[in-house]
Amino acid sequence: MGLFNKIKNVFSKDKEAAKYEEGLTKTRKEFSTELAKLSKKYKNIDDDYFEELENILIMADIGVNTVVKFVDKLKKRAKEENIKDTDTLKEIIVDEMLIMYVDNKVLNTKIKYSEEGPTVILFVGVNGVGKIANRMKNAGKKVILVAGDTFRAGATEQLVEWGKRIDVPVVTTSSKDPSAAVYDGIDTAIKGEYDVVLIDTAGRLQNKVNLMNELSKMNKVIKKVIPDAPHEVLLVVDATTGQNGIQQAKAFKEVTDVSGIILTKLDGSAKGGIVLAIKEEVDIPVKFVGLGEGTDDLEPFDIEKYIYGLFKDL
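Report on the accompanying structure.

### Some points on the packing of helix α3 (residues 25-41) against helix α13 (residues 303-311)
When two helices pack together, their arrangement is given by the angle between their axes and by how far apart the axes lie. Two elements in contact, α3 and α13, have axes separated by 7 Å at closest approach and are oriented at 65°. By the angle between their directions, the pair α3 and α13 is classed as roughly perpendicular. Contacts from Thr27, Arg28, Phe31, Ser32 and Leu35 in α3 reach Gly309, Leu310 and Phe311 in α13. Tallied by class, residues from the contact of α3 with α13 come to four nonpolar, three polar and one charged.

### Quick word on the sheet that holds strand β1 (residues 119-125)
Across the sheet, eight strands lie side by side as β3-β2-β4-β1-β5-β6-β7-β8; this open sheet has mixed pairing. The open sheet has two free edges, formed respectively by β3 (170-171) and β8 (298-300), since each of these has just one partner strand. Sheet topology note: the strand β2 (residues 143-148)/β3 ladder contains two bridges and is parallel. By the bridge assignment for β3, Val146 is matched with Val171. Of the strands in this sheet, β1, β5 (232-238) and β6 (260-264) touch helix α11 (residues 243-255), which is tilted by about 155° from β5.

### Comments concerning the nonpolar core
Side chains that are nonpolar tend, in soluble globular proteins, to be buried together. Counting 79 residues, the largest nonpolar core has Phe31, Met97, Leu263, Leu266 and Tyr306 as the members making the most contacts within it. Ranked by the residues each element gives to this core, the list is headed by helix α6 (residues 86-102), at eight residues.

### A word on unusual backbone geometry
The omega torsion of the bond from Ala229 to Pro230 falls at 0°, within 30 degrees of zero and hence cis. Structurally, Pro230 can be placed in the loop between α10 (208-225) and β5. Unusually for a residue other than glycine, Asp61 sits at a positive phi of about 70°. Mapped onto the elements, Asp61 comes out in the loop between α4 (47-59) and α5 (64-80). According to the relative accessible area criterion, Asp61 is buried, its value standing at 8%. Here Asn82, not a glycine, exhibits a phi torsion of approximately 55°, which is positive.

Parameters and conventions
Residues numbered from 1 in each chain as written. Predicted model: local features only at pLDDT ≥ 70, side-chain atom pairs only at ≥ 80, totals over all residues. Heavy atoms only, no water. Axes fitted to C-alpha atoms, helices over the stretch in contact; angles between N-to-C directions. Helix = DSSP H or I, 4+ residues; strand = E, 2+ residues; numbered from the N terminus. Parallel < 35°, antiparallel > 145°, perpendicular 65-115°, else oblique. Contact = heavy atoms within 4.5 Å. Nonpolar A, V, L, I, M, F, W, Y, C, P; charged D, E, K, R; others polar. Pairing = 2+ DSSP bridges. Core = buried A, V, L, I, M, F, W, Y, C linked by side-chain atoms within 4.5 Å. Buried < 20%, exposed > 50% of the residue type's maximum accessible area, 1.4 Å probe, protein only.

Next up, the structure:
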């Protein structure tokens, strides 16, 4: 039995896997339908089959470089195992995707919490801090938000509104210097014995030098109070932007030490293959995925549930 069939048996009645199944409906319909059509069109494997397979994978936003490497692996395995028919290869495609993502590594998809004092997490990229705050609060953590995006119009007000909605305090500053809010937020967290400090930064890439300077200053302020912080730097990427999201992740990786990615709006994209492209091209673990529009629709990333949701109909 292949890896995917084992996953299907495990997750067919799993509630958490059902969220992936529902959230990946758009991608699955597009991707699985095209793969199924391909298997009907070609009973036996040949160069034309592989060329069309490459196009399907690229359309799912897996990325050209990743697709070329992946198809080369498939060709090699088909030759070694003497696989001729496309139905057998269809299962191997899914298995190889799982293998490609895991790559014999233990993937750190969990949030790294500090054992002593509050855990400090910096957010860069588009919005996403509110949903994480809500999730952590629901998990029993005492959470405080810091409005460090003092440059974008309405950013502080937006975070304050999130705080009211989920009943989490928000530290703001009247200064244009976000480091003032960061210092006050961490100081408040220590005195109030908070578990987690979530800092919303002006993490946009209009100007790399300015962003680097700003994040560098924030890091210095944080380390003055908690030397081993920040414990995580999470980049929020909108899945619907596709390959632009990959370029964004590469650019941020040059600017700051990104430890994980939050991939929002995965449910709104028919190109859910971006998860595989992120792993292969940027090598930053996806830690959360957005599978809906509600405040509690952010799920911890699980590669097996993702593969299940992507290929359940095969």
